[in-house]
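Residue-level listing of the chains:
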Amino acid sequence: MSAMILSGKEMEKELLASQIERCGQLNARGIHPLLAVVMVGDDPASEIYVRNKSRMCDAVGILQQTIRMPADVSQESVEREIDRLNNDPAVTGILVQLPLPGQLDENQLLARILPQKDVDGFHALNAGKMLRGEACALACTPRGIIYMLKKAGVPMEGAHAVVIGRSNIVGKPVAMLLLQENCTVTICHSKTQNLAEITRQGDILIAAVGKAHFVTADMVKPGAAVIDVGVNRVDGKVTGDVDFENVKEVAGYISPVPGGVGRMTVSMLMENTLEAACRE
Ligand code: NAP
């Protein structure tokens, strides 16, 4: 039997109704969430992400500002802009669109954002709080993955979750959140040996590699929940890290690309932005 499709599109639609309502309630209290996006250069993929975020803000009722800076901008200029946004009481959430050009120190810039306005959850303070299980802004993609698994009713307590990828924005944080859900977690990376042997043990398998069709059907435990985080462009088409057509015949649940985790990431950004405005 073919796997149950975890549709980010459908889950986004459901969440949107509640987000519109919550934004309206904030507005009625005189609170107007405003998301400022700092965009450096004109990376085509980033342009698409920023446009998607902007479209969702419009749908929810969140105000927005996109600050565009040239690709050769100096560290000081971006820091000054972040300081200005930090000090502007009308701005309730700030995100710096990644990746940044090489001359900029990403960690320093992310650390410059006030933690209470950090809607991406990338500030070291928020990442540390997440590690400790304290309330904080959670990174959007990992938060979206957990949301998807819960929404679909995938059992997590005691399940073996295998994460392929150990980046600071996906692999590591999602592994920590799965641990908080009482999964037994294994993190794999490019130096992992006998990868397929490990992935075949996963009741939950998260693919955050960045390589098209990396996860093949023989790497998946029958009935597993497979979450595809990858965004790869092959012949101009967006495709995930999972060989969807074949893996869906083995897995119990599978998220598609497009229309899966990407949608949840933007939805969770809206959640974080509403929550940050509430805190302000
Ligand atoms: P990343 O920083 O490049 O990390 C990729 C990870 O994959 C690394 O930890 C790397 O291991 C591991 N890896 C590479 N080759 C491997 C192999 N042969 N076997 C096992 N592990 C291997 O990427 P990322 O930022 O986490 O993103 C991953 C993918 O998700 C990308 O396609 C990205 O575009 C996508 N993404 C999607 C969303 C969304 O909203 N849908 C959000 C964020 C990212 P090492 O650490 O050893 O190098």
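For the structure itself, look to the data block above.
Since this is a predicted model, take the numbers as computed values, not measurements.

### Description of the pairing of strand β2 (residues 34-40)
Consideration 1: In terms of burial, β2 is largely enclosed, as seven of its seven residues are buried.
Consideration 2: Side chains Leu34, Ala36, Val38 and Val40 of β2 all project onto a buried face; the interleaved residues Leu35, Val37 and Met39 project onto the opposite face, where all are buried too.
Consideration 3: The sheet contact formed by β2 and strand β3 (residues 63-69) spans seven bridges and is parallel. Paired with Val37 across the strands is Thr66, a residue of β3.
Consideration 4: In terms of handedness, the path from β2 via helix α2 (residues 44-60) over to β3 forms a crossover that is right-handed.
Consideration 5: Pairing between β2 and strand β4 (residues 93-96): four bridges, direction parallel. Within the sheet, the bridge partner assigned to Ala36 lies in β4 and is Ile94.

### Overview of the site of the ligand
Consideration 1: Taken together, 22 residues lie near the ligand, and Arg166, Ser167, Ser190, Val231 and Thr265 sit nearest.
Consideration 2: Residue Val231 places a main-chain N or O atom 3.0 Å away from an oxygen atom belonging to the ligand.
Consideration 3: One nitrogen or oxygen atom from the side chain of Thr265 is found 2.8 Å from an oxygen atom belonging to the ligand.
Consideration 4: Coverage of the ligand by the protein chains reaches 71% of its 920 Å² of free accessible surface.
Consideration 5: Of the residues forming the shell around the ligand, the biggest block, three residues, is contributed by helix α10 (residues 261-279).
Consideration 6: Looking at the shell around the ligand residue by residue, the classes come out as 10 nonpolar, 10 polar and two charged.

### Comments concerning unusual backbone geometry
Consideration 1: Cis geometry marks the peptide bond from Leu98 to Pro99, where omega comes out at 5 degrees.
Consideration 2: Secondary-structure assignment places Pro99 in the loop between β4 and α4 (106-112).
Consideration 3: For the bond running from Val257 to Pro258, omega is 0 degrees, close enough to zero to count as cis.
Consideration 4: Tracing the backbone shows Pro258 in the loop between β11 (253-254) and α10.
Consideration 5: Even without glycine at this site, Asn194 takes up a positive phi of about 50 degrees.
Consideration 6: Looking at the element boundaries, Asn194 is found in the loop between β6 (184-188) and α8 (195-199).
Consideration 7: Its identity as a non-glycine residue notwithstanding, His213 has a phi of 55 degrees, on the positive side.
Consideration 8: Tracing the sequence through the fold places His213 in the loop between β7 (204-207) and β8 (225-228).

What counts, and at which threshold
- Residues numbered from 1 in each chain as written.
- Predicted model: local features only at pLDDT ≥ 70, side-chain atom pairs only at ≥ 80, totals over all residues.
- Heavy atoms only, no water.
- Buried < 20%, exposed > 50% of the residue type's maximum accessible area, 1.4 Å probe, protein only.
- Helix = DSSP H or I, 4+ residues; strand = E, 2+ residues; numbered from the N terminus.
- Pairing = 2+ DSSP bridges.
- Right-handed = clockwise from strand over helix to strand, strands pointing away.
- Near = heavy atom within 4 Å.
- Polar contact = N/O pair within 3.5 Å; in protein donor to acceptor, adjacent residues only side chain to side chain.
- Areas by Shrake-Rupley, 256 points an atom, 1.4 Å probe, with all protein chains shown as cover.
- Nonpolar A, V, L, I, M, F, W, Y, C, P; charged D, E, K, R; others polar.

No statement about biological role is implied by the geometric values presented.
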